[in-house]
Protein chains: 2
Amino acid sequence: METEHKHLLYVVGMGPGAWENMTIEAAAVLQACEVIVGYTVYVDLLRSHLADKTFLTTPMTREIERCEMAFREASLGRRTAMVCSGDAGVYGMASPVLTVGARYPAVAVRIVPGVTAALSGAALLGAPLTHDFCAISLSDRLTPLETIWARVDAAARADFVIVFYNPASKKRADYLRQACDRLLAVRNPDTLCGVTRDIGRQGESCAILTLRELRDYPADMFTTVFVGNAETRVQNGRLVTPRGYRDV
Amino acid sequence: METEHKHLLYVVGMGPGAWENMTIEAAAVLQACEVIVGYTVYVDLLRSHLADKTFLTTPMTREIERCEMAFREASLGRRTAMVCSGDAGVYGMASPVLTVGARYPAVAVRIVPGVTAALSGAALLGAPLTHDFCAISLSDRLTPLETIWARVDAAARADFVIVFYNPASKKRADYLRQACDRLLAVRNPDTLCGVTRDIGRQGESCAILTLRELRDYPADMFTTVFVGNAETRVQNGRLVTPRGYRDV
């Protein structure tokens, strides 16, 4: 499948935010690159650690433009990395980069994974993800809302632990409440849940609450939301899901 | 919630295997510890990078014993870390450590997340996880098989991307085949899938195949299996899921 590539473009997951939450490989790749491309907010988290780089940024929703920018730089022979917060693949830029890459056959793409918010948020809360889990984005910018709700219903009935990405925005202020109402139709209102905010950044916080309480939680675009399964419990103030239904 | 803790036990996700796949924080924690506790195979991957440490290991399935061992060391005031492959929380040791921790109130537990196989395998294959996904373990050691199949059915119908952990073992040789038969009842047999093996270790490999072909794939305990959604495609030899159903 591999063709002869003249150049290489890296897509790097930087983890939740702090430099030390990145993998050693991710940091080495960024340090070896000349050009760093990314969404303004994430690039600003890196600047102080990467002197003498060229930084190219685009605002949110300008992702395809950002990909073209990165491929143009790589095509000119510059060592280039596109950075994403969290993992490069989970709701990240790896997919649009690989798609745009069809127009740049001389540039090979290498993906460097990172710690996504489901993992960094879970570590802060305790161990909510120890059993089967789903990641669901509540953003309906590219996915019909009925598809999202069908997934919430399916995950609720099959007792998956659920992680909600993009639980709210100004335009979608009540989506988390709607999701909770769907969950409450089949799950116990005392199901233990968690919220994390600004993981690895200034003001990092987390809280444990019930599904009933989660319904009224004021989530925003920096919040990641966790819904436990039927066995999830609080232990010494940490949210813990057992490894299975036979685990004691 | 926090009580006065005299000692600290770290639970560290080391990523898929190679030292550079660990976060900078994980490596710093392990380097600062005196005692490293873990499953023999994972500890052996670390030894060459950590001179002058005390290594304590137990075989697989002896997890509670391993937790007790770690708490005893931490209680004696030794800087101690329990290591897990991948992430500390996803089917990892964070949960049993927090549970056993109830008996060691003087020891606080700090979880350091890592890159789980879903993320490292996805990066190798391309970008299969870009949309909503489920992680499901096919091990029925601690979970009734009917619960696992109900989750496979729910994930299949709601068109989640699926990652199977523990797809096979000697005792469960045909579980992946059974899972595929359930998926084939509702999903297109040409659905694009991927398998990864020994990520970040010697002999690392990956392959893209259809759901029909996956049914006969000889998975083992070092394999991670990916099943795409209805939109997953192959682009320049990489497995790519679009960011949503409206993404082109």
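The paragraphs below set out a description of the structure included in this document. Since we're looking at a predicted model, the values are computed, not measured.

1. Comments concerning the pattern of salt bridges
Phase 1 of the analysis: Under the counting rule described, the total for this entry stands at 32 salt bridges over all chains.
Phase 2 of the analysis: In this structure, Asp132(A) engages Arg151(B) in a salt bridge whose closest nitrogen and oxygen atoms are separated by 2.8 Å. In this pair, Asp132(A) is assigned in the loop between β6 (126–127) and β7 (133–137) and Arg151(B) in helix α6 (residues 145–157), connecting two distinct chains.
Phase 3 of the analysis: A salt bridge links Arg182(B) to Asp153(B); the nearest nitrogen and oxygen atoms lie 2.9 Å apart. Of this pair, Arg182(B) sits in helix α7 (residues 175–184) while Asp153(B) sits in helix α6, placing them 29 residues apart in sequence.
Phase 4 of the analysis: Salt bridges sharing partners connect three or more residues here, namely Arg177(A), Asp181(A), Arg215(A) and Asp216(A).

2. Some remarks on the state of the cysteines
All names here are of chain A.
Phase 1 of the analysis: Under the defined criterion, the tally for this structure stands at zero disulfides over all chains.
Phase 2 of the analysis: As a non-bridged cysteine, cysteine 193 has cysteine 180 as the owner of its nearest cysteine sulfur, 6.7 Å distant.
Phase 3 of the analysis: Taking the relative accessible area as the measure of exposure, cysteine 193 reaches 0% and is therefore buried.
Phase 4 of the analysis: Here cysteine 206 is not cross-linked by a disulfide; its sulfur's nearest cysteine counterpart is in cysteine 193, at 14 Å.

3. Points about the sheet that holds strand β1 (residues 7–13) of chain A
All names here are of chain A.
Phase 1 of the analysis: Within the open sheet, the five strands sit side by side as β3-β2-β4-β1-β5. Their pairing is parallel. Single-partner strands in this sheet number two, and they are β3 (54–58) and β5 (107–112). The mean angle between the axes of side-by-side strands here comes to 20°, regardless of whether they run parallel or antiparallel.
Phase 2 of the analysis: Note that β1 and β5 share six bridges and pair parallel. Among the inter-strand pairings, leucine 9 is bridged to a residue of β5, identified as valine 109.
Phase 3 of the analysis: Contacts from helix α1 (residues 24–32) reach β1, β2 (35–39), β4 (80–84) and β5 within the one sheet, and its direction differs from that of β1 by about 135°.

4. Observations regarding the pairing of strand β1 (residues 7–13) of chain B
Residue and element names in this part refer to chain B.
Phase 1 of the analysis: The buried fraction of β1 is high, at five of seven residues.
Phase 2 of the analysis: The pairing of β1 with strand β4 (residues 80–84) spans five bridges and is parallel. Residue pairing in the sheet places tyrosine 10 in a bridge with alanine 81 of β4.

5. Quick word on the sheet that holds strand β11 (residues 223–227) of chain B
Picture the strands of a sheet paired through backbone hydrogen bonds; they go either parallel or antiparallel.
Phase 1 of the analysis: A sheet is described by the order of its strands in space; here 10 strands give the open sequence β10(A)-β9(A)-β11(A)-β8(A)-β7(A)-β7(B)-β8(B)-β11(B)-β9(B)-β10(B), paired in mixed fashion. Across the chains shown, the open sheet's two edge strands, defined by having one partner strand only, are β10 (205–210) of chain A together with β10 (205–210) of chain B. Adjacent strand axes in the sheet meet at a mean angle of 15°, parallel and antiparallel pairs treated alike.
Phase 2 of the analysis: Sheet topology note: the strand β8 (residues 161–165) of chain A/strand β11 (residues 223–227) of chain A ladder contains three bridges and is antiparallel. Each bridged residue has a counterpart across the sheet, and for Val163(A) the counterpart in β11(A) is Phe226(A).
Phase 3 of the analysis: The sheet strands contacting helix α5 (residues 117–125) of chain A are β8, β9 (192–197), β10 and β11 of chain A, and the helix crosses β11(A) at an angle near 70°.

6. Here we look at α6(B)
Phase 1 of the analysis: The terminal C-alpha atoms of α6(B), which comprises 13 residues, lie 19 Å apart, in line with the 18 Å expected from a rise of 1.5 Å per residue.
Phase 2 of the analysis: Considered for burial, the residues of α6(B) that qualify are Ile148(B), Trp149(B), Arg151(B), Val152(B), Asp153(B), Ala154(B), Ala155(B) and Ala156(B).
Phase 3 of the analysis: Summarising the contacts, the buried residues of α6(B) are in contact with α6 (145–157) of chain A together with β7 (133–137), β8 (161–165) and α7 of chain B.
Phase 4 of the analysis: Looking one or two residues beyond α6(B), the residue adopting positive phi is Asp159(B), at roughly 55°.

7. Quick word on the relation of the copies chain A and chain B
Phase 1 of the analysis: With an axial shift of 0.0 Å and an RMSD of 0.0 Å, the rotation relating chain A to chain B amounts to 180°. Classification of the inter-copy transformation places it as that of a two-fold axis.
Phase 2 of the analysis: A high fraction, 99%, of the interface residues of chain A reappear at the interface in chain B, so the copies pair face to face through one surface.

8. Brief notes about the side chain of Thr191(B)
Residues and elements named next belong to chain B.
Phase 1 of the analysis: Residue position: threonine 191 is located in the loop between α7 and β9 (192–197).
Phase 2 of the analysis: The class for threonine 191 is buried, based on a relative accessible area of 8%.
Phase 3 of the analysis: Polar side-chain contacts of threonine 191 include one of 2.6 Å to the backbone oxygen of asparagine 188.
Phase 4 of the analysis: Apart from the residues within four sequence positions on either side, threonine 191 is in contact with Leu209, Thr210, Leu211, Val227, Gly228 and Asn229.

9. Regarding the packing of aromatic side chains
Working definition: an aromatic ring pair is given by the centre-to-centre distance plus the angle between the planes.
All names here are of chain B.
Phase 1 of the analysis: Across all of its chains, the model carries nine aromatic pairs over all chains by this definition.
Phase 2 of the analysis: Measuring from centroid to centroid gives 4.8 Å for phenylalanine 71 and tyrosine 104, while their planes differ by 10°, and the two rings are stacked. With phenylalanine 71 in helix α3 (residues 63–75) and tyrosine 104 in the loop between α4 (94–100) and β5 (107–112), this residue pair connects regions lying 33 residues apart in the sequence. Here phenylalanine 71 matches tyrosine 104 in class, with each residue buried.
Phase 3 of the analysis: Aromatic side chains tyrosine 91 and tyrosine 165 sit 4.9 Å apart centroid to centroid with 50° between the ring planes, which places their arrangement in the tilted category. Of the two residues, tyrosine 91 is situated in the loop between β4 and α4 and tyrosine 165 in strand β8; the sequence distance between them amounts to 74 residues.
Phase 4 of the analysis: When its relative accessible area of 10% is taken as the criterion, tyrosine 165 is described as buried.

The rules we used
Residues numbered from 1 in each chain as written. Chains lettered and ligands numbered in written order. Predicted model: local features only at pLDDT ≥ 70, side-chain atom pairs only at ≥ 80, totals over all residues. Heavy atoms only, no water. Salt bridge = Lys/Arg side-chain N within 4 Å of Asp/Glu carboxyl O. Helix = DSSP H or I, 4+ residues; strand = E, 2+ residues; numbered from the N terminus. Disulfide = S-S within 2.5 Å. Buried < 20%, exposed > 50% of the residue type's maximum accessible area, 1.4 Å probe, protein only. Pairing = 2+ DSSP bridges. Axes fitted to C-alpha atoms, helices over the stretch in contact; angles between N-to-C directions. Contact = heavy atoms within 4.5 Å. Expected span 1.5 Å × (residues − 1). Least-squares fit on C-alpha atoms with pLDDT ≥ 70 in both. Polar contact = N/O pair within 3.5 Å; in protein donor to acceptor, adjacent residues only side chain to side chain. Phe/Tyr/Trp six-rings, centres within 6.5 Å; stacked < 30°, edge-to-face > 60°.

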